[in-house]
Structure formats: structure tokens, C-alpha cells
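Chain by chain, the residues run as shown.
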Amino acid sequence: AFIGNLMKDNKVCFGILGPGKISHRVMKGIAFADNANVLGVASRDREKADEYAALYRIPRVYDDYDEMLKDEEIDIIYIATIPSVHYQQIMMCLDNHKSVLCEKPMLTNAEDIKKCFAYAKQQGCFLMEAQKAPFNYLNIEIKKRIDEGLIGDLKYIEAAYCYDTFATKYDHWVFDYDNGGGMFDVGVYAIAYANMMANSPIVNIQSMVNRTPRGSDGFAVSMLEYENGVKAVVKGAIELQTENKAMIYGTKGYIETYNFWKNDEAIIYLNGQVEKLKVEMPTDFYPEIEHAINCVIEKRIQSPVMSEWANMEILKVIDHVKKV
């Protein structure tokens with residue numbers, strides 16, 4: 001799908017680092033932003049970069065990451081590479097005074113998160129993980145209704161994102177112990193969702209894990225307890241297909257959402273009545289992109305939603321799964 005000429009005057013300019021599969025959906029999200037454009041794309045495979053640029057009519061193509069990072073007209077870099085190189089590439093971007101929107105999962109350990117956010121502050125640059133669930137318009141509306149007391153007192157949350165890769169060689173990065181695993185790859189959506197709805201620090205974690213031949217979690221279940229008393233169960237898998245949905249239970253009713261990280265529709269069960277909740281959303285990637293663009297315009301260093309603290313809370317669960 002052609003986006004057309006994205007070049008606009010006085011807009012936030014993106015550079016795409018790594019034109020991989022997920023970046024195509026990001027491009028479609030950026031297309032809905034009136035205050036942004038995509039100025040460049042960089043890949044070590046020049047042919048791939050040229051094809052990508054032609055598809056989306058991106059005016060500048062680079063076969064060297066450093067060259068794109070030195071382009072003074074580019075404001076923010078979207079990183080779409082594999083997680084094992086995120087730390088190095090984030091620091092490269094920040095070193096060149098570029099803000100960063102990094103594909104989830106952004107970083108694999110707490111020390112790297114602290115270093116990257118500290119350097120972003122030092123460089124005066126914005127840094128955020130591209131995490132869809134907390135920005136999804138439906139989820140924001142659900143959270144608003146929960147805060148208004150729609151389902152009474154919030155008590156319990158369930159969220160699962162589990163799929164089966166059907167891999168036999170286990171050579172994909174998702175099976176790497178240090179940079180992969182079910183909870184890290186897709187379970188992170190469930191963690192971010194539960195954390196958003198609970199809106200409280202995690203104080204207790206219990207996990208059960210099935211391991212792949214490479215030691216990573218093929219399937220993991222974590223039970224979470226929050227400081228405010230809310231409980232949650234989150235699931236992530238790369239070797240097991242499940243029903244991927246979220247359930248939120250209160251003292252007066254409950255809410256159900258399938259594919260909660262990207263859906264625009266949920267069902268509310270209240271007093272024996274069933275209500276369908278639907279919101280308008282251009283694409284599932286647009287809300288997070290819109291938020292990042294606004295943060296850059298407002299000269300923020302961190303997102304008030306996906307902040308360093310939010311990343312650290314997510315990592316609490318991933319680290320626990322690794323150590324079980």
C-alpha cells in the first residue's frame with residue numbers, strides 16, 4: 001500500500017532503522033499523522049532499503065546506519081531490528097542527538113534501561129519503547145470507565161498472548177535465553193496491559209515456566225500482586241497457541257477483549273446485561289506513534305506513559321520468568 005509523498009514542512013521527521021516486517025505497519029501508522037513525515041530509511045542491505053523507499057516514496061536511502069544518524073534533518077529514529085542489537089543502536093542514535101522510538105521488546109535488562117534513559121536525558125533526546133497496549137484507544141477508554149467505577153472495585157486481571165512458532169530448529173532469536181522467550185517476545189503485551197489497568201507497582205510475582213531446548217521460556221505464566229491489592233495472571237508463549245484475550249474483573253462486572261493489544265472492540269458484562277464497547281482507531285500502530293510525535297514536539301525526554309519506570313516494572317516480570 002502506497003502512503004504517497006510523506007514530505008511535509010515543519011513536521012517531526014522520522015528515520016527508519018531496519019526496514020523489517022513490523023516496520024511496514026509502523027509506516028502505515030505514521031501515514032495518519034499530520035505532524036510527521038518519513039525522511040529516510042537505512043539498511044545494511046541496500047537493495048532492501050531501495051525497495052522499501054520506493055514502496056513508501058521515502059526520499060533518502062542509506063546503506064550505513066551512521067550516515068542516516070548524521071542527517072541533521074531527521075528528528076527521531078524508529079528502530080525495527082532484533083532485540084539483541086537494540087542497546088547498541090539506541091546509544092548510537094542518542095550519541096547523534098536523535099530521539100528514539102524502539103520496537104518492543106526494547107531492552108533485556110535493568111542496567112541497560114537505566115543507561116539508555118540516563119544518556120537520553122544527558123543528550124536532551126526522547127526515548128520510548130514502541131509498546132501498543134498502553135496507547136490503544138480502546139484500552140484508554142476501558143481504563144477511564146474502570147476509574148469511573150463502571151465495574152466496581154477492580155480486583156483481578158487476566159491477559160494472554162501465546163502463539164506457536166512451529167519451529168523445529170530453534171535458531172530464531174525468539175528462542176535465545178538472553179534476548180528471547182515467550183514472555184519477552186509477546187507476553188510483554190500482557191504485562192504492559194495488566195500494569196496499565198492495575199496502575200500500581202508490582203510487589204509480588206510467582207511464575208511457572210516451560211523451557212525450550214535453548215533455555216528460554218516457551219510458555220510462561222506469572223501471577224502478579226500490585227501494591228493496591230489488585231491481582232493479575234499474565235501469559236506469554238512461543239510454543240503454545242492459546243485464546244489470546246484479556247479479562248478485567250470488578251465487584252460489579254467484568255470486561256472482555258480479544259487481541260487486547262490491537263483491538264478496537266470489547267464486551268462489558270454488567271448486572272446481567274451485555275454491552276459492546278467500540279472506538280475508532282486509524283490503525284493499531286497509530287496511537288503509540290501519535291504519542292511519540294507529540295512528546296518530541298513538546299521536547300519531552302520520557303513518555304509519561306511508557307517511562308523508564310514503566311519499563312522497569314515490565315522487566316520485573318520478565319526477569320522473574322528467566323530466573324525460575
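All figures in this text were calculated on a predicted structure; none of them were measured in a lab.

A. Focus on the nonpolar core. By size, the foremost hydrophobic cluster in this structure holds 105 residues, and its most contacted members are Phe14, Ile90, Leu101, Ile142, Ile157, Tyr193 and Ile248. Looking at which element gives the most residues to this core, the answer is helix H8 (residues 187–198), with ten residues. Leucine 101 has contacts with Phe14, Ile76, Ile77, Tyr78, Ile79, Met128, Glu129, Ala130, Ile289 and Ala292, leaving out every residue within four places of it along the chain. Residues Phe219, Val221, Val233 and Ala237 belong to the second largest nonpolar core, which totals five residues.

B. Layout of the sheet that holds strand E13 (residues 265–270). In space, the eight strands of this open sheet follow the order E8-E9-E10-E7-E11-E12-E13-E14, with mixed pairing throughout. If you trace the sheet from one side to the other, it starts and ends with strand E8 (202–211) and strand E14 (273–278), each paired once. Ignoring which end each strand starts from, the neighbouring axes of this sheet average 15° apart. In this structure, strand E7 (residues 154–162) lies alongside strand E10 (residues 231–237), joined through seven bridges in parallel fashion. Opposite glutamate 158, over in E10, you have valine 233 as the bridge partner. Against the sheet, helix H6 (residues 137–147) touches E7, strand E11 (245–250), strand E12 (253–258), E13 and E14, its axis set at about 135° to E14.

What counts as what
- Residues numbered from 1 in each chain as written.
- Predicted model: local features only at pLDDT ≥ 70, side-chain atom pairs only at ≥ 80, totals over all residues.
- Heavy atoms only, no water.
- Core = buried A, V, L, I, M, F, W, Y, C linked by side-chain atoms within 4.5 Å.
- Buried < 20%, exposed > 50% of the residue type's maximum accessible area, 1.4 Å probe, protein only.
- Helix = DSSP H or I, 4+ residues; strand = E, 2+ residues; numbered from the N terminus.
- Contact = heavy atoms within 4.5 Å.
- Pairing = 2+ DSSP bridges.
- Axes fitted to C-alpha atoms, helices over the stretch in contact; angles between N-to-C directions.

So far we have only geometry, and geometry alone does not tell us how the molecule works.
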